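Structure assessment
Here are the chains, one letter per residue:
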Amino acid sequence: MRDASTKAVTILGATGSIGLNTLDVLFRHADRFHLYAITANTQVEKMAEICRTYRPEIAVMADTASAEQLKELLQNEKGISILGGSEALNEVASAESVDIVMAAIVGAVGLMPTLSAARAGKRILLANKEALVMAGHLFMTEVEQHNAELLPIDSEHNAIFQCLESGYQHELTRNGLNNKGPKSKGVTKILLTGSGGPFREYPLDKFDEITPEQAIAHPNWSMGPKISVDSATMMNKGLELIEACWLFNVQHEDVEIVLHKQSIIHSMVAYNDGSVLAQMGNPDMRTPIANALGWPERIASGVEPLDLFKVCQLNFEKADENRFPCLRLARQAIQQGGTSMAILNAANEVAVQAFLQSQITFTRIAELIELTMKHVAHQQTDSLQQILADDQAARKFVNHQLSVMSVEV
Ligand code: NAD
Ligand code: MG
């Protein structure tokens, strides 16, 4: 039974890597949080197991057929309502009794339920960077207009957030774009760190032979397949650059990408007095999740304490855009503005899926994105309708290229 003093949480994407880490943190704090709803795409077995262990009030599958299967698996469990379909996703993200929404669906499909949470004025824990990349201006505006509260989960952005002054943190969570910007607080630069993924030093002439298995084996982080491939192409850092611009109200020139192979520093903020503040910790997503769940309080996460004597060394390098063309493409999308970022994101999603299914080589991912950005015209607007239309146009274009390629083969 729900205790009125606890905060009710919905997890969008509960079966994923972020979803499971969120469940782990939540259940260390049963005195503070209560699980209202969880959602998943089609992984019914995993969802049934989560329902039995964590007992949410509501479980939502992305389609009604999966919801029916889940009902069958849980027929002996009492007290869990099972729903299906995209409207149900929106409902559990915006229901009156919900306080906190963890947005951890992967990809553009996460945009609509995350927007629903913003429009309902919830505290949003944003892991789903694709939503912000494709509709940054619109999303930030909705957060402000509906008095929602936005906290970053992406480890780098959570680290940057932690390195900002507390008064400014409060401003950012409520009105991300409508403030004087971090320069007014003495910030001179944001240093966005990235490990460089598994191919930081891999011979460039062997990039075409990279397999999906090699690409998803990230050296430091354990993550879902899409973001793991994004880390390998470094499109992840490109998407994070766009994410940082929206979250912290900065220009892309104010953000420097720093390769840091140990993933111990999760990002830094440089100030005008020469100070550089860094947030450090073991690479474990439960730290940013606990930070955002408890903010402005600190709560335990279960993460191993950092042993600096074991780490020994911290290295830093510049990122090489020739090795990782996706970084250049992401910068180009920001410079072009409007729906360019939705086009970049959609092309990347389709290309990554094709790579994961061994339809294309690793290097073809960036080539397909570049081709899409050349051929699909972007619009200078933040209208949701246009964003969704250009997202679809980019997907259609990449799918067409893939079908032509399969005929050629
Ligand atoms: P994942 O693949 O492990 O999980 C994705 C979740 O989304 C699953 O619960 C899945 O059921 C759900 N989902 C997928 N397609 C769906 C659909 N069509 N409709 C409804 N639900 C759907 O992914 P992840 O690694 O947990 O990443 C989730 C998000 O968090 C991504 O946007 C990623 O970029 C971001 N993120 C992840 C990490 C990490 O460490 N895993 C770190 C930073 C940011
Ligand atoms: Mg990250």
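Described in the following lines is the structure provided in the data block. (Residues numbered from 1 in each chain as written. Chains lettered and ligands numbered in written order. Predicted model: local features only at pLDDT ≥ 70, side-chain atom pairs only at ≥ 80, totals over all residues. Heavy atoms only, no water.)

Moving on: the packing of helix α5 (residues 111–119) against helix α6 (residues 129–145). Interaxial distance between α5 and α6 falls to 10 Å at its minimum, and their mutual angle equals 15°. Judged by the inter-axis angle, α5 sits roughly parallel to α6. The way α5 lies across α6 gives a crossing that is right-handed. Contacts between α5 and α6 involve Leu111, Thr114, Leu115, Ala118 and Arg119 from the first element and Ala131, Met134, Ala135, Leu138, Phe139, Glu142 and Val143 from the second. Taken together, the residues of the contact of α5 with α6 sort by class into nine nonpolar, one polar and two charged. (Axes fitted to C-alpha atoms, helices over the stretch in contact; angles between N-to-C directions. Helix = DSSP H or I, 4+ residues; strand = E, 2+ residues; numbered from the N terminus. Parallel < 35°, antiparallel > 145°, perpendicular 65-115°, else oblique. Left-handed = near helix turned anticlockwise from the far one by under 90°. Contact = heavy atoms within 4.5 Å. Nonpolar A, V, L, I, M, F, W, Y, C, P; charged D, E, K, R; others polar.)

Here we take up helix α7 (residues 155–162). Of all eight residues in α7, eight are buried, a share of seventy percent or more. Among all positions in α7, only Ser155, Glu156, His157, Asn158, Ala159, Ile160, Phe161 and Gln162 are buried. (Buried < 20%, exposed > 50% of the residue type's maximum accessible area, 1.4 Å probe, protein only.)

Here Trp295 and Pro296 are connected by a cis peptide whose omega angle stands at 5°. Within the secondary structure, Pro296 sits in the loop between α12 (286–294) and α13 (308–311). Notably, Asn249 is not glycine yet its phi reads approximately 60°, a positive angle. Mapped onto the elements, Asn249 comes out in the loop between α11 (235–248) and β9 (255–259). A relative accessible area of 23% means that Asn249 is categorised as partly exposed. In this structure, Ser358 takes a positive phi of about 60° despite not being glycine.

By the definition in use, this model includes eight aromatic pairs. An aromatic cluster of at least three residues, connected via ring pairs, comprises Phe199, Tyr202, Phe207, Phe355 and Phe362. (Phe/Tyr/Trp six-rings, centres within 6.5 Å; stacked < 30°, edge-to-face > 60°.)

Looking now at the site of ligand 1. Lining the immediate environment of ligand 1, one finds 24 residues, of which Thr15, Ser17, Asn41, Glu130 and Gly224 sit closest. Interatomic distance of 2.7 Å between a side-chain N/O atom of Thr15 and an oxygen atom of ligand 1. At 2.6 Å, a side-chain N or O of Glu130 approaches an oxygen atom of ligand 1. When the free accessible area of ligand 1 is taken as 830 Å², the share hidden by the protein chains comes to 89%. Those elements giving two or more residues to the shell around ligand 1 turn out to be α1 (17–26), α6 and α10 (225–233). (Near = heavy atom within 4 Å. Polar contact = N/O pair within 3.5 Å; in protein donor to acceptor, adjacent residues only side chain to side chain. Areas by Shrake-Rupley, 256 points an atom, 1.4 Å probe, with all protein chains shown as cover.)

A few words now on the pairing of strand β11 (residues 276–280). With four bridges connecting them, strand β10 (residues 265–271) and β11 associate as antiparallel partners. Considered in β11, the bridge of Ile265 is made with Met280. As consecutive antiparallel partners, β10 and β11 are separated by four residues, and within that stretch Gly274 has a phi angle of approximately 95°, a positive value. (Pairing = 2+ DSSP bridges.)

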